[in-house]
Amino acid sequence: MTRPIGVFDSGVGGLTVVRALRRAFPNADLVYLGDTARVPYGSKSPRTVERYALSCLRFLLERDVGLVLIACNTASATALDAVSAASPVPVIGAVVPGAESALAATRSGHIGVIGTLGTIRSCAYERAIEERREDASVQSLACPLLVPLAEEGWTSGDVAEAICHRYLGQILGGDHSVDTLVLGCTHYPLLSGPIARVASQIAGSEIAIVDSADAMAAAAKQHVLGEGSGTLRCYVTDATRLDELAPRFLGHPLSEFELIDL
């Protein structure tokens with residue numbers, strides 16, 4: 001019997017990874033854990049994020065998963081080594097797949113990364129990119145207002161584009177020759193439309209957009225063996241606004257979920 005794929009995130013944003021996995025492996029069984037009681041991870045210390053991530057791992061292993069995806073970019077950036085060392089099954093973080101997809105997409109080697117404060121401060125994307133291409137250059141920027149925009153559903157229109165312009169103007173255009181932009185947060189794919197439009201306007205040419213959720217699904221391919229029945233078991237540590245938020249990230253309402261303590 002094929003074991004399910006486990007995915008965890010600090011909140012519901014990781015459902016974009018579930019959505020990408022469902023597109024790539026429609027018959028895979030999935031177990032999702034959103035640590036919504038302790039969101040956001042992006043403003044927590046690395047030590048705290050590591051502790052939270054290990055508790056999420058233990059929960060998923062108890063559900064007999066055969067593969068773990070760390071959807072949270074902050075946890076991937078700061079706790080991947082600890083989670084991998086503690087896990088008897090393969091673990092995939094968000095950073096390396098995103099970095100490799102960016103390097104495959106870039107023409108110039110000049111890459112931009114946007115994410116939470118914790119992800120950007122970790123410099124994990126810079127390390128992953130520059131380890132794989134020495135002449136690559138990375139412009140990184142924390143864009144904290146994009147998370148509440150995604151959660152409020154303000155993913156198009158003047159407000160979204162104005163905020164994207166304010167942020168992206170700091171790493172695109174002018175002396176910056178970035179031609180590829182990594183969306184280093186699970187919330188950001190919901191804003192991919194205005195991000196892509198504004199980025200291309202500022203740069204004066206089309207900017208390649210890398211969605212780390214799609215990159216993680218592609219990275220999971222070598223570990224997914226056989227097919228299941230396409231089930232999704234969803235667990236959260238707090239259910240506040242879940243009925244409202246989950247459909248925005250998953251693409252449809254959650255049929256059911258279980259509230260748990262970690």
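For the structure itself, look to the data block above.
Owing to the predicted nature of the structure, the values given are computational and were not obtained by experimental measurement.

**Q** I tried to follow the side chain of Ser87 on my own but got confused; where do I start?
**A** Relative to the assigned elements, Ser87 resides in the loop between α3 (73-86) and β4 (91-92). Beyond its immediate chain neighbours, meaning those up to four positions away, Ser87 contacts Leu57 and Leu61.

**Q** Honestly, the sheet that holds strand β6 (residues 137-142) in this entry has me stumped. Any pointers?
**A** Hydrogen bonds along the backbone pair up the strands of a sheet, which may run parallel or antiparallel. Reading across the sheet, the four strands line up as β6-β5-β7-β8 and stay open at both edges, with parallel pairing between neighbours. Unpaired on one side and paired on the other, β6 and β8 (208-211) mark the two borders of the sheet. Each neighbouring strand pair of the sheet contributes to a mean axis angle of 20 degrees, computed without reference to strand direction. Here four bridges tie strand β7 (residues 180-184) to β8, and the two strands are oriented parallel to one another. Within the sheet, the bridge partner assigned to Leu183 lies in β8 and is Asp211.

**Q** What should I look at first to understand the environment of His187 in this one?
**A** Within the fold, His187 resides in the loop between β7 and α9 (192-203). Overall, His187 belongs to the buried group, its relative accessible area being 7%. Separated by 172 residues in the primary sequence, His187 and Leu15 have C-alpha atoms spaced 9.2 Å apart. For His187, the contacting residues outside a window of four places in its chain are Gly13, Val147, Ala150, Glu151 and Phe249. One polar contact links His187 to Glu151, side chain to side chain, over a distance of 2.9 Å.

**Q** Help me understand the packing of aromatic side chains, please; the structure alone is not making it clear to me.
**A** Working definition: an aromatic ring pair is given by the centre-to-centre distance plus the angle between the planes. Going through the model one piece at a time under the given rule, you end up with two aromatic pairs. Ring centres 5.4 Å apart and planes at 45 degrees place the aromatic pair Tyr41 and Tyr52 in the tilted group. Placement of Tyr41 in the loop between β2 (30-34) and α2 (46-62) and of Tyr52 in helix α2 is noted, with a sequence separation of eleven residues between them. A relative accessible area of 0% places Tyr41 in the buried class. The class for Tyr52 is buried, based on a relative accessible area of 11%. Aromatic side chains Phe59 and Tyr235 sit 5.0 Å apart centroid to centroid with 75 degrees between the ring planes, which places their arrangement in the edge-to-face category.

**Q** What exactly am I supposed to notice about the pattern of salt bridges here?
**A** Close approach of charged atoms lets side chains of opposite charge pair. Summed over the entire model, instances satisfying the criterion amount to twelve salt bridges. When the shortest N-O distance is used, the salt bridge between Glu131 and Arg132 registers 3.9 Å. Each of Glu152, Arg241, Glu244 and Arg248 takes part in salt bridges that share partners, so that together they form one network.

**Q** Any chance you could explain the pairing of strand β1 (residues 5-9) here in plain terms?
**A** One face of the sheet, then the other: side chains in a regular strand alternate in exactly this way. In terms of burial, β1 is largely enclosed, as five of its five residues are buried. Neither face of β1 is open: one carries Ile5, Val7 and Asp9, the other Gly6 and Phe8, and all of them are buried. Sheet analysis places β1 next to β2, joined by five bridges and oriented parallel. Bridge pairing in β2 places Asp9 opposite Gly34. Read as a crossover between parallel neighbours, the route from β1 over helix α1 (residues 15-24) to β2 is right-handed. Both β1 and strand β3 (residues 67-70) contribute to a ladder of four bridges, which runs parallel. Of the residues in β3, the one forming a bridge with Phe8 is Ile70.

**Q** Explanation requested: the sheet that holds strand β9 (residues 232-236) in the structure shown.
**A** Here we have six strands laid out as an open sheet, ordered β4-β3-β1-β2-β9-β10, and parallel in their pairing. Only two strands of the sheet have a single neighbouring strand rather than two, namely β4 and β10 (258-259).

**Q** What should I look at first to understand the pairing of β3 in this one?
**A** The alternating pattern of β3 places Leu67 and Leu69 on one face and Val68 and Ile70 on the opposite face, and all of these are buried. Inspection of the sheet shows β3 paired to β4 by two bridges, in the parallel sense. Residue pairing in the sheet places Val68 in a bridge with Val91 of β4. Running through α3, the crossover from β3 to the neighbouring parallel element β4 is right-handed.

**Q** Looking at this model, I keep getting lost on the packing of helix α4 (residues 95-105) against helix α10 (residues 212-220). Mind explaining?
**A** Between two packed helices, both the angle of their axes relative to each other and the distance between the axes serve to describe the pair. Across the interface, α4 lies against α10 with an axial gap of 8 Å and an inter-helix angle of 100 degrees. Classified by the angle between their axes, α4 and α10 sit roughly perpendicular to one another. Contacts from Pro97, Gly98 and Ser101 in α4 reach Ala215, Met216 and Ala219 in α10.

Reading guide: rules and limits
- Residues numbered from 1 in each chain as written.
- Predicted model: local features only at pLDDT ≥ 70, side-chain atom pairs only at ≥ 80, totals over all residues.
- Heavy atoms only, no water.
- Helix = DSSP H or I, 4+ residues; strand = E, 2+ residues; numbered from the N terminus.
- Contact = heavy atoms within 4.5 Å.
- Pairing = 2+ DSSP bridges.
- Axes fitted to C-alpha atoms, helices over the stretch in contact; angles between N-to-C directions.
- Buried < 20%, exposed > 50% of the residue type's maximum accessible area, 1.4 Å probe, protein only.
- Polar contact = N/O pair within 3.5 Å; in protein donor to acceptor, adjacent residues only side chain to side chain.
- Phe/Tyr/Trp six-rings, centres within 6.5 Å; stacked < 30°, edge-to-face > 60°.
- Salt bridge = Lys/Arg side-chain N within 4 Å of Asp/Glu carboxyl O.
- Right-handed = clockwise from strand over helix to strand, strands pointing away.
- Parallel < 35°, antiparallel > 145°, perpendicular 65-115°, else oblique.

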